[in-house]
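Geometric and topological summary
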Amino acid sequence: MTMKEEQPPQQQQSPKKTIPPYMKAISGSLGGVVEACCLQPIDVIKTRLQLDRSGTYKGIIHCGSTISRSEGVRALWKGLTPFATHLTLKYTLRMWSNAMLQSAFKDSASGKLSNQARLLSGFGAGVLEALVIVTPFEVVKIRLQQQRGLSPELLKYKGPVHCARMIIREEGLRGLWAGAAPTVMRNGTNQSAMFTAKNAFDVLLWKKHEGDGKVLQPWQSMISGFLAGTAGPVCTGPFDVVKTRLMAQTREGGVLKYKGMIHAIRTIYAEEGLRALWKGLLPRLMRIPPGQAIMWAVADQVTGLYERRYLRSAPL
């Protein structure tokens, strides 16, 4: 009777370590603060151009110079408080929720994430941030930005908190979620494309894979982030214009010009032409890709240093 040879126990492969979602959230919040302070003037100009139906502003430079001349340079930072708070909270939720969704969609056997799963994770993160954070904060920001002048007694809204209170009192709580539908479409599409493109550019340009311990230089992160942030504004231009119009309109007089997303698209197209649906595209391209460059330069340093210290030792 032959004895079976005892087989040595097979060495189990430990699952690949990844950056925890809370670190992604921290990196996003820090990136949001820096981005807001740098790019607020471009956002003000974009909003004014999108709300300009009479052709007061002839372009980006003319709009910026007109605001500075007639209202003072400080007017270019109108709405900074809600914008900075909004960006910080938005990026925190975006990076955390995207990381959580990616973990859920990863293949349980291989630990790999497919492109379809990456797109879906980004879309889900964009929808969540649009409903929880982006819509109410942007309603307040846009109402503040569309006010002209710096004399407090002449302004309807005295600040972010007063603005939110006035909207709730006059329009109800739902007034803070005006334009939610186009915001969901815009942010979902944007984040779906952005996370997928950022990962692709990191791999293609710098051979950087998450969890490999390699820390990108800030300029490398800025290039990847800038390129990843270019596609979204072109694709989602109409959603952004409609979002701004819906958020800016009030019930003073009892009648709303735009009844919803589809009605707004049809009305803008009928009254102002197809090009009006891409109003403010150039300032969006001047703000979003550089904004993504700044945000990712900060976020990648935070997550990269975490990788290097806790996941794998690698040179900078």
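Just so we're clear, the structure is a prediction, and the values are computed from it rather than from any experiment. For every chain, the first residue of its written sequence is number 1, and the numbers climb from 1 along that sequence. Local features in a predicted model are, by the rule used here, given only for residues with pLDDT of at least 70; side-chain atom pairs are given and counted only at 80 or more, and totals for whole chains, interfaces and linings are based on all residues. With hydrogens and water excluded, all non-hydrogen atoms of the structure serve as input to the side-chain values.

**Remarks on the pattern of salt bridges**
Salt bridge, as used here: a side-chain nitrogen of Lys or Arg that lies within 4 Å of a carboxyl oxygen of Asp or Glu. In total, this model carries 20 salt bridges according to the counting rule given. The shortest N-O distance in the salt bridge between Glu307 and Lys208 comes to 3.0 Å. Here Glu307 is found in helix 11 (residues 281–311), whereas its partner Lys208 is found in the loop between helix 6 (180–206) and helix 7 (218–228), with 99 residues between them in sequence. With respect to class, Glu307 is no different from Lys208; both count as buried. Close ionic contact of Lys279 with Glu272 constitutes a salt bridge, the shortest N to O distance being 3.5 Å. Under the scheme applied here, a residue whose accessible area is under 20% of the maximum for its type counts as buried, over 50% as exposed, and between as partly exposed, the area being computed with a 1.4 Å probe on protein chains only. A relative accessible area of 24% means that Lys279 is categorised as partly exposed. Through salt bridges with shared partners, one network takes in Lys46, Glu138, Arg186, Asp240, Lys243 and Arg284. Comment: elements are numbered from the N terminus, with helices defined as DSSP H or I runs of at least four residues and strands as E runs of at least two.

**Things to note about the packing of aromatic side chains**
When the centres of two rings from Phe, Tyr and Trp lie within 6.5 Å, Trp using its six-membered ring, the rings pair. Their planes under 30 degrees apart give stacked, over 60 give edge-to-face, and anything left gives tilted. Taken as a whole and judged by the stated rule, the model has three aromatic pairs. Ring centres of Trp206 and Trp219 lie 5.3 Å apart, and the angle between their planes is 80 degrees; on these two criteria the pair is classed as edge-to-face. Placement of Trp206 in helix 6 and of Trp219 in helix 7 is noted, with a sequence separation of 13 residues between them. Look at Tyr306 and Tyr310: their rings are 4.9 Å apart centre to centre, the planes differ by 40 degrees, and that puts the pair in the tilted class.

**Overview of the packing of helix 1 (residues 21–51) against helix 4 (residues 115–145)**
Lines are fitted to the C-alpha atoms to define the axes, a helix being fitted only along its stretch in contact, and any angle between axes, read from their N-to-C directions, falls within 0 to 180 degrees. Helix 4 packs onto helix 1 with a crossing angle of 75 degrees between their chain directions and a minimal axis gap of 10 Å. Here helix 1 lies roughly perpendicular to helix 4, going by the angle between them. From helix 1, Gln40, Asp43, Val44, Thr47, Arg48 and Leu51 reach across to helix 4, where they touch Lys141, Ile142 and Gln145. Tallied by class, residues from the contact of helix 1 with helix 4 come to three nonpolar, three polar and three charged. Should an angle fall under 35 degrees it is taken as roughly parallel, and over 145 as roughly antiparallel, whereas 65 to 115 is taken as roughly perpendicular and any remaining angle as oblique. We call two residues in contact whenever any of their non-hydrogen atoms come within 4.5 Å of each other. When residues are grouped by polarity, Ala, Val, Leu, Ile, Met, Phe, Trp, Tyr, Cys and Pro land in nonpolar, Asp, Glu, Lys and Arg in charged, and all others, Gly among them, in polar.

**Things to note about a nonpolar patch on the surface**
Judged by side-chain polarity, Leu204, Leu205, Trp219, Ile223, Phe226 and Leu227 come together as a nonpolar surface patch covering roughly 560 Å² of accessible area. Only helix 6 and helix 7 provide two or more residues apiece to the nonpolar patch. It is helix 7 that contributes the most residues to the nonpolar patch, four residues altogether. Mapped onto the fold, Ile223 is located in helix 7. For Ile223, a relative accessible area of 35% puts it in the partly exposed group. Note that patches include only residues with greater than 30% relative accessible area and no salt bridge, and the join distances are 9 Å for like charges and 5 Å for nonpolar side chains (Val, Leu, Ile, Met, Phe, Trp, Tyr). Note on areas: Shrake-Rupley with a 1.4 Å probe; residue coverage comes only from the protein chains shown.

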